[in-house]
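What follows is each chain in one-letter form.
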Amino acid sequence: MDIGTIIAGLLTLAILSFLYRDNPVYKFAEYLLVGVSIGYALVIAWKSAMMDLLLTPLFGQGDWSLVLPLMLGLMMFGRFHAKTNFISRIPLAVLIGSGAGAAVPAMLGPRILTQVSGSVVPLVGNNGLPDWSGIVVLVGVLSTLAYFFFSREHRGPLGVASRIGTWFLMIFFGTTFGYTVMSRMSTFIGRAEFLLTDFLHLTR
Amino acid sequence: MKKLESRHWAFLGLAVVVVATMLLNFEPKLDISPEAKRMHSFIDSLPAGSIVMVSFDHEASALPEIKPLALAFLRHAFSKGHRLVGIALMAEGTAVGYRLMDQAAAEYNKRYGVDYAFLGFQPQIIAAILSMGESIKQTFPRDYSGHEYDSLPMLREIRKLSDISAVVSIADGNLATHWIEYGRARFNVTVAAFVTAVMVTSYDPYVSSGQLRAMVGGLRGAAEYEKLIGIGGAGRRAMLAQAASHLYVLALILVGNVIYFASRARKGRG
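The rules we used
- Residues numbered from 1 in each chain as written.
- Chains lettered and ligands numbered in written order.
- Predicted model: local features only at pLDDT ≥ 70, side-chain atom pairs only at ≥ 80, totals over all residues.
- Helix = DSSP H or I, 4+ residues; strand = E, 2+ residues; numbered from the N terminus.
- Buried ≥ 20, exposed ≤ 12 C-beta atoms within 10 Å, placed from the backbone.
- Contact = placed C-beta atoms within 7 Å.
- Rg over C-alpha atoms; globule rule 2.2 N^0.38 Å.
- Nonpolar A, V, L, I, M, F, W, Y, C, P; charged D, E, K, R; others polar.
- Expected span 1.5 Å × (residues − 1).
- Arc of directions from axis to C-beta.
- Core = buried A, V, L, I, M, F, W, Y, C linked by C-beta atoms within 7 Å.
- Axes fitted to C-alpha atoms, helices over the stretch in contact; angles between N-to-C directions.
- Parallel < 35°, antiparallel > 145°, perpendicular 65-115°, else oblique.
- Left-handed = near helix turned anticlockwise from the far one by under 90°.
- Pairing = 2+ DSSP bridges.
- Right-handed = clockwise from strand over helix to strand, strands pointing away.
- pLDDT = per-residue confidence, 0-100.

Caption draft 1: The arrangement of the overall build of chain B in detail. Looking only at helices and strands, one finds 10 helices and 6 strands in chain B. In terms of principal-axis extent, the alpha carbons of chain B reach across some 80 × 40 × 35 Å. Every one of the 270 residues in chain B was classed for burial, and the buried ones make up 48%. Contacts in chain B between residues at least 24 apart in sequence constitute 72% of all its contacts with a sequence separation of at least 6.

Right under this line is the structure:
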């Protein structure tokens, strides 16, 4: 067994020990996880972004167009002192402005317009019989929207529609919770398989 | 020593159920869902030699679900002769993606730089996708191992996202939506996704509207995909444990409710 598997096995057991109660062994494993994750992300980001996209092309290949992003990046550090805090507003403005500019059309198109057109489906199939899935989609969309319509009191037809919408929401939450349980179980099963197979060699 | 509480017994019971079913080493019967068939047909439908970008958009904590999903897809893609370009839009996905691609490539005798390449990580997801739409070489001047972009033969014919046949996002969060909102909407690239079970309901509407070409989710999805491509894997091995653990949770919910209503009735009488 290699040293990596032994360390991974011991750390898995250390994390699982929390299920009994909080303890120093768990704390050690938890801090190690946080530290290693941040350290790894920093190193990867430094190499991929800072070195490959900025410092090497700028100082190694003389691409002086990168001076501007470098300056904007350095201005961000103004936030660390009250007197220079205002300097950081310039790169933040660039970041927010460009981010919003890119995001607004992307949100409107794929997230709203295409999804709305995707929910417009024929209610009658090619064989002349009702298409029940299309009807469920229509009722689900309209009743859920009715639930989130707060400009009028939920009474009469609007009240009925919003109550139906509540049922659709509950079914959605239930499905999502079911999938969440499945996901968490999968995580535990994955670690159990690692412990039984690679660490303890009890299964193949 | 601390006295064991009810939650300790619940955890212990789950551990017993999972370990016992895994030691049985038995694979239950598995029906293939339309979602898994759809993804399989999509990958099959791409002509051999197609360039597919695999984006490892996940954290290391999702590995128990992500690894079987990713390996099933990579094995299928390599077996069909597709050429794969790996990237990571989350830092922790970088090492995982590199190792998984290397593992699957070795199984099919694929050569690095000719049949597959791994470009590594870029921060700022949206900026990275938009930048790849203009030039992948400018976004990743070097691959993960430090090779110059143009030094790898397969990368010379890939200039931007529109040269890619499809992007497959392997995600444990909402990063695949960025591929839909920026990659597909702006550069018309086909997007498919392998996701953790917890994300399935978030992506289902995108599959229904056709924005996500296909989606496979969770360990169950991995098991179905493994069956479709005719190989064994962690997904299929885990199915009995998964089914047993779900039954165990259902039993706990039932018992909890019975105890609750019984105690309420007793209080009412008292």
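Caption draft 2: How the structure looks around the overall build of chain A. Per the secondary structure count, chain A includes 6 helices and 0 strands. Listed N to C, the secondary structure of chain A is α-α-α-α-α-α in terms of helices and strands. Scaling as 2.2 N^0.38, a compact globule of 204 residues should have a C-alpha radius of gyration of about 17 Å, whereas chain A reaches 27 Å, well beyond that. C-alpha atoms of chain A, sized along the principal axes, occupy 65 × 60 × 40 Å. Summarising the internal contacts of chain A: among those between residues at least 6 apart in sequence, 15% fall at separations of at least 24.

Caption draft 3: Summary view of the interface of chain A and chain B. In this complex, chain A contributes 39 residues to the contact, which on the side of chain B involves 46 residues. Elements with a minimum of two residues in the side of chain A that touches chain B: helix H2 (24-60), helix H4 (89-119) and helix H6 (156-199) of chain A. Here the side of chain A that touches chain B is built from residues that sort into 20 nonpolar, 14 polar and 5 charged.

Caption draft 4: Molecular detail of helix H2 (residues 34-45) of chain B. Residues and elements named next belong to chain B. Along its 12 residues, H2 runs 16 Å from first to last C-alpha, staying within 8% of the 16 Å computed at 1.5 Å per residue. The complete set of buried residues in H2 reads Ala-36, Met-39, His-40 and Ile-43. End-on, the buried residues of H2 take up no more than an arc of 100°, which puts them together on one face. Facing away from the buried surface of H2 by more than 90 degrees, the exposed residues are Pro-34, Ser-41 and Ser-45. Looking at the buried side of H2, the elements it contacts are helix H3 (63-79), strand E5 (190-195), strand E6 (215-217) and helix H9 (218-229).

Caption draft 5: Representation of the nonpolar core in the model. In terms of nonpolar packing, the biggest core is built from 91 residues, with B:Val168 and B:Ala193 touching the most fellow members. It is H3(B) that provides the largest number of residues to this core, a total of 10 residues.

Caption draft 6: Summary view of unusual backbone geometry. Residue and element names in this part refer to chain B. Within the chain, Gln-124 stands out as a residue other than glycine whose phi angle is a positive 60°. Position of Gln-124 relative to the elements: it lies in the loop between strand E3 (116-121) and helix H5 (125-134). Under the C-beta neighbour-count criterion, Gln-124 is labelled partly exposed, with 14 such atoms within 10 Å. In this model, Asn-188 sits at a positive phi of 60°, which is unusual for a non-glycine residue. Counting through the fold element by element, Asn-188 comes out in the loop between helix H7 (175-187) and E5.

Caption draft 7: Highlighting the environment of B:Ser79. Residue and element names in this part refer to chain B. Tracing the backbone through its elements, the reader meets Ser-79 in helix H3. According to the C-beta neighbour criterion, Ser-79 is partly exposed, with 15 such atoms within 10 Å. Sequence separation of Ser-79 and Ala-104 is 25 residues, and the distance between their C-alpha atoms is 9.8 Å. The contacts of Ser-79, once residues within four sequence positions are left out, are Tyr-108 and Ile-229.

Caption draft 8: Spatial organisation of the environment of A:Arg191. Within the secondary structure, A:Arg191 sits in helix H6. Residue A:Arg191 is classed as buried on the basis of its C-beta count, with 20 C-beta atoms lying within 10 Å. Considered as a pair, A:Arg191 and A:Thr12 are 179 residues apart in the sequence and their alpha carbons are 7.4 Å apart. In this structure A:Arg191 touches A:Thr12 and B:Pro64, once residues within four positions along its chain are discounted.

Caption draft 9: Seen up close, the packing of helix H1 (residues 6-24) of chain B against helix H10 (residues 234-269) of chain B. Residues and elements named next belong to chain B. Interhelical geometry of H1 versus H10 gives an angle of 155° and a closest axis separation of 8 Å. The orientation of H1 relative to H10 falls into the category roughly antiparallel. Considering how the two elements wind past one another, H1 and H10 form a crossing that is right-handed. On H10, the residues that touch Ala-10, Gly-13, Leu-14, Val-17, Val-18, Thr-21, Met-22 and Leu-24 of H1 are Leu-240, Ala-241, Ala-244, Ser-245, Tyr-248 and Leu-252. Class assignment for the residues of the contact of H1 with H10 results in 11 nonpolar, 3 polar and no charged.

Caption draft 10: Up close: the pairing of E5(B). All names here are of chain B. Of all 6 residues making up E5, 5 are buried, and the element is well covered by its neighbours. Summarising the sheet, strand E4 (residues 166-171) and E5 pair through 6 bridges and their orientation is parallel. Residue pairing in the sheet places Ala-166 in a bridge with Thr-190 of E5. At this point the chain moves from E4, through H7, to the parallel E5, and the crossover so formed is right-handed. Here E5 runs beside E6; their pairing, made up of 3 bridges, is parallel. Looking at E6, one finds that Val-195 is bridged to Gly-217.

Caption draft 11: Up close: the confidence of the model for chain B. Per-residue confidence for chain B averages 93 on the pLDDT scale, and 99% of its residues sit at or above 70. At the level of chain-chain contacts, confidence expressed as ipTM amounts to 0.87, with global pTM at 0.90.

Caption draft 12: Region of the structure containing the sheet that holds strand E2 (residues 83-88) of chain B. All names here are of chain B. Across the sheet, which stays open at both edges, the 6 strands sit in the order E3-E2-E1-E4-E5-E6 with parallel pairing between neighbours. Looking at strand neighbours, the two that pair on one side only are E3 and E6, the edges of this open sheet. Between one strand axis and the next, the sheet turns by 15° as a mean value, whatever way the strands run. Here strand E1 (residues 51-57) runs beside E4; their pairing, made up of 6 bridges, is parallel. Bridged to Val-52 within E4 is Ala-166.

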